[in-house]
Every structure is written in structure tokens, then in C-alpha cells.
Amino acid sequence: MRRWLKNTLKISSSVLVCILIILVILLVGVRLFGLRVYTVMSGSMEPSYPTGALIYVKEIDPLTLRKNDVITYRVNESLTVTHRIVDIVFDSENSDSVCFRTKGDANNVADGILVKPDNIIGIPVFTIPYLGYLAQFIQNPPGRYIALVVSVIIILYVIISDYLIGGQITRKNKNNI
């Protein structure tokens, strides 16, 4: 096999495997480190967290939160929000507890509801722009199926290229003996 083709197969299969491993780590593997992954679905926190970004959130004790901290919290079963704390107020239902008034950086007014400490998931520790679009795509059919097919194709490509490269090396070594 020609040397340039062999090198091209080696390099391309290595690059594809690295990309696949990095994506798996970024989308799933970070959970091993206690981080939760969310996709930014609106522009309320731009430019800090642009639409389509992935944010990585770590759990935090709500008592350590201060004004200007950014928090991720549950509004209800199906809605999670990431906004900045603009004020800390006493809970009207429990005077021993506090609530957090939040606002999106790109919004003109504060949110209409107060956030209770029990609803806080954590604070964002870092973000990757645009990767949220991919995460959203592969979480639902047909994106899930496309991701599965692409993964299988990459694995087959790596196996076949390793076989071709290995087969040439084996034949070459046998001829030299």
C-alpha cells in the first residue's frame, strides 16, 4: 500500500476516534465529575451564555450564594433556567429562609417568581458555545439514529483502516523473513 495512503488512514482514523471520545466525554462523561449538562435555549443570558451553548453546572450549597452569582434552577418539572441573582430576600412563607430574585443578563426586568433554595440545581462552571445544538439534536430521533449510524461508521472505518494497515505490515514482514 502506498505510504501516503497508509499515513492518511492512520491519521484520519486517529482524528475520528479522538473527536468521538471528546464528544462522549463532553456530553456524558462529565457526569462522573458531578457536573450536569444543560443546553441554553434562549438568549436571556447573552453574551455570557449564548443560545445553543452547553453549560456545565456543579451542585452548590444555596446558603453560599451571593448577589450577582449565576444559578441554574428548576422552575417546574420540565423547565430549567439559568439566570443571575439580583437580590436576596426573606421567604414570605418561612422567615428563617431566603429566596433569590433572578434576572437574565439580556432581560430588562427581574423574573416574576422568587427562587427557593430547594429549586437550585447549582452554578455554571464553564460553557461551550454551539455544542448545545448538537446535544439537542442527538437527544431526539432522528438525531439519535444519525449519531448512532455515524458512530458505527467511524468504528468500522477505524477497524477497516487498521486491518488494511496491519495487513500490509504483516505481508511485508513475512516477505522479509
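Residues numbered from 1 in each chain as written. Predicted model: local features only at pLDDT ≥ 70, side-chain atom pairs only at ≥ 80, totals over all residues. Heavy atoms only, no water.

S.K.: I'd like a description of the side chain of histidine 83, backed by residues and values.
M.R.: If you trace the backbone, histidine 83 turns up in strand β4 (residues 79-90). There is a polar contact of 2.9 Å between the side chain of histidine 83 and the side chain of serine 44. The contact partners of histidine 83, leaving out residues within four places of it in the chain, are Ser44, Met45, Asp69, Val70, Ile71, Tyr73, Thr102, Lys103, Gly104, Asn107 and Asp111. (Helix = DSSP H or I, 4+ residues; strand = E, 2+ residues; numbered from the N terminus. Polar contact = N/O pair within 3.5 Å; in protein donor to acceptor, adjacent residues only side chain to side chain. Contact = heavy atoms within 4.5 Å.)

S.K.: Report on the pairing of strand β5 (residues 98-103), specifying residues and quantitative values.
M.R.: The pairing of β4 with β5 spans six bridges and is antiparallel. Across the sheet, the residue bridging to valine 89 is cysteine 99, located in β5. Summarising the sheet, β5 and strand β6 (residues 114-115) pair through two bridges and their orientation is antiparallel. Residue phenylalanine 100 lies in a different strand from β6, and its bridge partner there is valine 115. (Pairing = 2+ DSSP bridges.)

S.K.: Requested: an account of helix α2 (residues 131-138), with residues and values cited.
M.R.: For α2, the complete set of buried residues consists of Leu131, Gly132 and Ala135. When α2 is viewed along its axis, its buried side chains cluster within an angular range of 100 degrees and face the same direction. Each element contacted by the buried residues of α2 is listed here: α1 (3-27), β1 (35-39), β2 (54-58) and β7 (120-128). (Buried < 20%, exposed > 50% of the residue type's maximum accessible area, 1.4 Å probe, protein only. Arc of directions from axis to C-beta.)

S.K.: Let's hear about the side chain of threonine 102: which residues, and what values?
M.R.: Mapping threonine 102 onto the fold places it in strand β5. Here the side chain of threonine 102 touches tyrosine 73 through a polar contact of 3.0 Å, side chain to side chain. With near-sequence residues (within four places) excluded, threonine 102 lies in contact with Ile71, Tyr73, His83, Arg84, Ile85, Val86, Ala110, Asp111 and Val115.

S.K.: I'd like a rundown of the confidence of the model for the protein chain, residues and numbers included.
M.R.: Model confidence for the protein chain is summarised by a mean pLDDT of 88, while 93% of its residues fall at 70 or above. At the level of individual helices and strands, the protein chain shows its lowest average pLDDT in helix α3 (residues 143-176), which scores 75, and its highest in strand β3 (residues 70-76), which scores 97. (pLDDT = per-residue confidence, 0-100.)

S.K.: For the pattern of salt bridges, give the residues involved together with the corresponding values.
M.R.: Counted according to the given criterion, the structure contains one salt bridge. Ionic pairing is found between arginine 84 and aspartate 105, a salt bridge with its closest N-O pair at 2.8 Å. Here arginine 84 is found in strand β4, whereas its partner aspartate 105 is found in the loop between β5 and β6, with 21 residues between them in sequence. (Salt bridge = Lys/Arg side-chain N within 4 Å of Asp/Glu carboxyl O.)

S.K.: Describe unusual backbone geometry, naming the residues involved and giving the relevant values.
M.R.: Following glutamate 46, the chain continues into proline 47 via a peptide bond in cis, with omega recorded as 5 degrees. With respect to the secondary-structure elements, proline 47 resides in the loop between β1 and β2. The omega angle of the peptide bond from proline 141 to proline 142 is 0 degrees, so this bond is cis rather than trans. Relative to the helices and strands, proline 142 resides in the loop between α2 and α3. Within the chain, tyrosine 130 stands out as a residue other than glycine whose phi angle is a positive 70 degrees. Topologically, tyrosine 130 is positioned in the loop between β7 and α2.

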